[in-house]
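# Descriptive analysis of the structure
Chain by chain, the residues run as shown.
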Amino acid sequence: MVKRSKLFAGLDGVPWERLSHHYGSAGDVPSLLRAAVRGDTESWYTLVNHLRHQGGAVFSAGPAVVPFLVRLAESADLKVWLRSEALTLIAELAEDGRRALSPRRVDAAWPLAWAEAVPRVTRLLGDPKAAVREAAALALAHAVHDADEVCAALRSAFAREKKPAVRVEIVRAVGSVVLVDDDHVVRSSCLPWLHGLVTHDIPEVRLAAVLALRRLEPEYRDPAHFTIAVEVLLGTEFTGRWPAVRAARATAKGLGEHRDERVALAERLIGHASARHRLAGLNVAGEALMTWRSAVSLLPAVASLLDDPHKRIRRLSVYLLAAAGPGAEPWADELAALVDDPDARVAEMAVWGLAHLGDERCVPAVRSYLTGMRAPYGTGGVRAGWDFDSRPALHHVLRRMGPFASDLLPAIRLRLHESGDGFERGSLMNAIGWWDPAVLRTVIDGEDLPEPLRQQLIDLLPRSGAPEPDPDAVRADIEAARAVLNDPMERLDQPDAAFTLWRLTGEHQPAVRLLVAELKWLRAPANQSRAWGAINDLGRIGPPAAVAVPALRAALEDDRRLARGGPRACVEDEETRADIRTALARIEGGGPGAGKADEAA
């Protein structure tokens, strides 16, 4: 226990103004810490946001604040929520310190600060408060530099622990430490312990042990593990840090790349009598649908919950059908029946689903949304999460509605003219930019359109009758492209430079070699746009890009979604595959535009 008088000893002696966090100078850290101790939760969460934000880095304020966070956790006279939150923040910083993409994103003082904190955090495994013990285990999951001592302390704590939620966190922590530790002695002692827990009398512990073993022994796929996971999920109401949805999603992730198991898990949960389990099943189904094309086999089960009595379940069921894109065609009538649903969220998602299908039954609702105070959709693409705030972007809703342009154009023109939201106007322009150019010209020719907006729309029109290129400019572009190709520091720009060189000279070998290499990003969500550009460019090159055919055909045959994830994964996957088929037609059959370097601009 740390006395309140000693809690902030030395705090003002730290040069916080010279340290930094995600939002700049760390000069606000002392006042935020003191306010949090006084009970100001807003100050605490501001501090967490400044120190952690979205993760991925540990700034110089991180090592400096850890001793004070440990003191908060040790102070028995503070509220339990603050003590456990302090340990959770330490855990998040430790995770960032271990998983940062580059060592340069972690302050040099962090490893020592964390190493000095570990023994004190370990002692908190014996704290009288269960929430503190649980958060201590959460933090120790990242103490990989002291793997043997930490694992011994965790296993000792497990033996005396009575609370199931804390025991679960301890098992997860042991699995995480062993996973990244190179000491085979630690692994050899912990694996038998985990195997022994597979038959533990506490269901949540059995599940945690199974998931830890799946991570530690991916090559050892014991069918009994899946059976145990399903039995635990179906028969347990989870508490603490493991509510049903979180436990189900963690289980699905822990099962790894085994599609059949994850689909079966979703089906069993969706058919459960408990609303919590059905909601968990929809979450598992959503992740499977957005990961594998063949997981559309789950859609009948998803659609069976469209009339579920629980609001959150109905909403997510409609959401997943809408996100499924073409796969939801058999349920178009069911979606159409929900367009006027009393639950506005259900109606909005049903409209989105019909728009994906190009179904005209969504047109009146879309027109009504456009003439209302504010359209119910966002203005940016949403990529992650199956929570109910992940609304699709307005331009994604409108993108396939070009055939109904005559019905929507008056509302769109009015919206463009009257909207004071630049992002919303950009979303509208993004959408109609995908429609027939004649539609775009109709919007441009409309009356009372502000001139700057009119010019932005004109820029979206396809170019025609391009002037004869200036020979000097062409030579300069060729020299610049060759310079990029010869500079090893410009690797990211080399595919574009090689394509430019082909377009201006007809030299296809560098372009084909580099563009084929870019296809590896098809299965890397963070860089997938690079692969999209390569697919289109290879198609433009045409028959000389024949070496790309095997890779393109392999991509088409892959059951995994060729998408970045999130609610647009299914539709994005279909669009990517359409682009691949177009590219293959041009390469193998010399289709329109293939091989015409002088027109590729």
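Up top is the structure these notes are about.
Every value quoted in this text rests on a predicted model; they were computed, and no experiment measured them.

Assigned secondary structure in the protein chain consists of 31 helices and 2 strands. By its C-alpha atoms, the protein chain is 80 × 60 × 50 Å across when sized along the principal axes. Sorting the 601 residues of the protein chain into buried and exposed places 52% on the buried side. Within the protein chain, counting contacts between residues at least 6 apart in sequence, those at least 24 apart form 65% of the total. A total accessible area of about 27300 Å² is found for the protein chain, and carbon and sulfur atoms account for 52% of it.

Once that is clear, we can look at the environment of D470. Note that D470 resides in the loop between helix 25 (451-458) and helix 26 (471-485). With a relative accessible area of 43%, D470 lands in the partly exposed category. The spatial distance from the C-alpha of D470 to the C-alpha of V65 is 60 Å, given a sequence separation of 405 residues.

Right, let's talk about the side chain of E161 for a bit. In this fold, E161 is placed in the loop between helix 8 (147-160) and helix 9 (164-180). E161 sits in the buried class, given a relative accessible area of 4%. Here E161 is in contact with R133, V166 and R167, once residues within four sequence places are set aside.

Turning our eyes to something else, we now look at the pattern of salt bridges. Using the criterion set out here, one finds 33 salt bridges in the structure. In this structure, D12 engages R34 in a salt bridge whose closest nitrogen and oxygen atoms are separated by 3.0 Å. Taken together, the positions of D12 in the loop between helix 1 (4-7) and strand 1 (20-21) and R34 in helix 2 (residues 29-37) put the pair 22 residues apart, joining distant regions of the chain. Of the charged contacts in the structure, one is a salt bridge between E169 and R172, with a shortest N-O distance of 3.2 Å. Note that E169 and R172 are positioned in helix 9 at a spacing of 3 residues, about one turn of the helix. One network of salt bridges, in which partners are shared, links R293, R561, D573, E574 and R577.

If you look at the biggest cluster of nonpolar residues, it comprises 175 residues, and the most contacted ones within it are W16, L33, W44, L69, W114 and M401. Non-local contacts of W44, meaning those with residues more than four positions away in its chain, are made with L33, A36, L69, L72, W81, L82, E85, A86 and L89. Residues A498, A511, I541 and A548 belong to the second largest nonpolar core, which totals 24 residues.

The backbone of H53 sits at a positive phi, close to 50 degrees, despite the residue not being glycine. In this structure H53 comes out as partly exposed when scored by relative accessible area, which is 38%.

This next bit is on the packing of helix 22 (residues 405-418) against helix 23 (residues 422-432). Following both chains from N to C, one finds helix 22 and helix 23 inclined at 145 degrees, their axes separated by 9 Å at the closest point. Crossing geometry of helix 22 relative to helix 23 is assigned as left-handed. Here I412, R415 and L416 of helix 22 come into contact with helix 23, specifically with E424, R425, L428, M429 and I432.

Okay, the packing of helix 17 (residues 311-323) against helix 19 (residues 344-357) next. It is the contact of helix 17 with helix 19, at a shortest axis distance of 8 Å, that shows an interaxial angle of 15 degrees. Judged by the angle between their axes, helix 17 and helix 19 are roughly parallel. Considering how the two elements wind past one another, helix 17 and helix 19 form a crossing that is left-handed. Residue-level contacts link R314, R315, V318, Y319, A322 and A323 of helix 17 to R345, V346, M349, A350, W352, G353 and H356 of helix 19. Taken together, the residues of the contact of helix 17 with helix 19 break down into 8 nonpolar, 2 polar and 3 charged.

What follows covers the packing of aromatic side chains. In total, this model carries 6 aromatic pairs according to the counting rule given. Here W110 and W114 contribute two aromatic rings whose centre-to-centre distance is 6.3 Å and whose plane-to-plane angle is 10 degrees, an arrangement assigned as stacked. With W110 and W114 both in helix 6 (residues 110-123), this residue pair falls 4 residues apart, about one helical turn. Just as W110 is buried, W114 falls in that class too. With centroids separated by 5.6 Å and ring planes inclined at 65 degrees, the aromatic side chains of Y319 and W352 adopt a geometry described as edge-to-face. Linking Y319 in helix 17 with W352 in helix 19, this pair joins segments that are 33 residues apart in sequence.

As a further point, take a negative patch on the surface. A cluster of acidic residues, D148, E149, D182 and D183, forms a negative patch at the surface. Turning to its location among the elements, E149 is positioned in helix 8.

Time to look at the environment of Q494. Relative to the helices and strands, Q494 is located in helix 27 (residues 494-505). Considered as a pair, Q494 and Q509 are 15 residues apart in the sequence and their alpha carbons are 13 Å apart. When residues no more than four places from it in sequence are discounted, the contact partners of Q494 are V484, L485, D487, P488 and L514. From its side chain, Q494 meets the backbone oxygen of V484 in a polar contact 3.2 Å long.

With that settled, the discussion passes to the state of the cysteines. All told, the structure shown has 0 disulfides when counted by the stated rule. C190 provides the cysteine sulfur closest to C151, a residue in no disulfide bond, and the two sulfurs are 4.0 Å apart. The exposure class of C190 is buried, given its relative accessible area of 1%.

Here we come to helix 29 (residues 528-541). An α-helical turn contains 3.6 residues, so a residue and the one three or four places further along point in the same direction. Here helix 29 is 14 residues long and its end C-alpha atoms lie 20 Å apart, about the 20 Å a rise of 1.5 Å per residue gives. Buried residues of helix 29: Q528, A531, W532, A534, I535, D537, L538, G539 and I541, and no others. The secondary structure elements touched by the buried residues of helix 29 are helix 27, helix 28 (509-518), helix 30 (549-557) and helix 31 (569-589). Looking one or two places after helix 29, you find G542, whose phi comes out positive at around 80 degrees.

Here the focus is the environment of D459. Residue position: D459 is located in the loop between helix 25 and helix 26. Separated by 413 residues in the primary sequence, D459 and T46 have C-alpha atoms spaced 42 Å apart.

Basis of the calculations
Residues numbered from 1 in each chain as written. Predicted model: local features only at pLDDT ≥ 70, side-chain atom pairs only at ≥ 80, totals over all residues. Heavy atoms only, no water. Helix = DSSP H or I, 4+ residues; strand = E, 2+ residues; numbered from the N terminus. Buried < 20%, exposed > 50% of the residue type's maximum accessible area, 1.4 Å probe, protein only. Contact = heavy atoms within 4.5 Å. Areas by Shrake-Rupley, 256 points an atom, 1.4 Å probe, with all protein chains shown as cover. Salt bridge = Lys/Arg side-chain N within 4 Å of Asp/Glu carboxyl O. Core = buried A, V, L, I, M, F, W, Y, C linked by side-chain atoms within 4.5 Å. Axes fitted to C-alpha atoms, helices over the stretch in contact; angles between N-to-C directions. Left-handed = near helix turned anticlockwise from the far one by under 90°. Parallel < 35°, antiparallel > 145°, perpendicular 65-115°, else oblique. Nonpolar A, V, L, I, M, F, W, Y, C, P; charged D, E, K, R; others polar. Phe/Tyr/Trp six-rings, centres within 6.5 Å; stacked < 30°, edge-to-face > 60°. Patch = residues over 30% accessible without salt bridge, like charges linked within 9 Å, V, L, I, M, F, W, Y side chains within 5 Å. Lys, Arg positive; Asp, Glu negative; His and termini not counted. Charge placed at Lys NZ, Arg CZ, Asp CG, Glu CD. Polar contact = N/O pair within 3.5 Å; in protein donor to acceptor, adjacent residues only side chain to side chain. Disulfide = S-S within 2.5 Å. Expected span 1.5 Å × (residues − 1).

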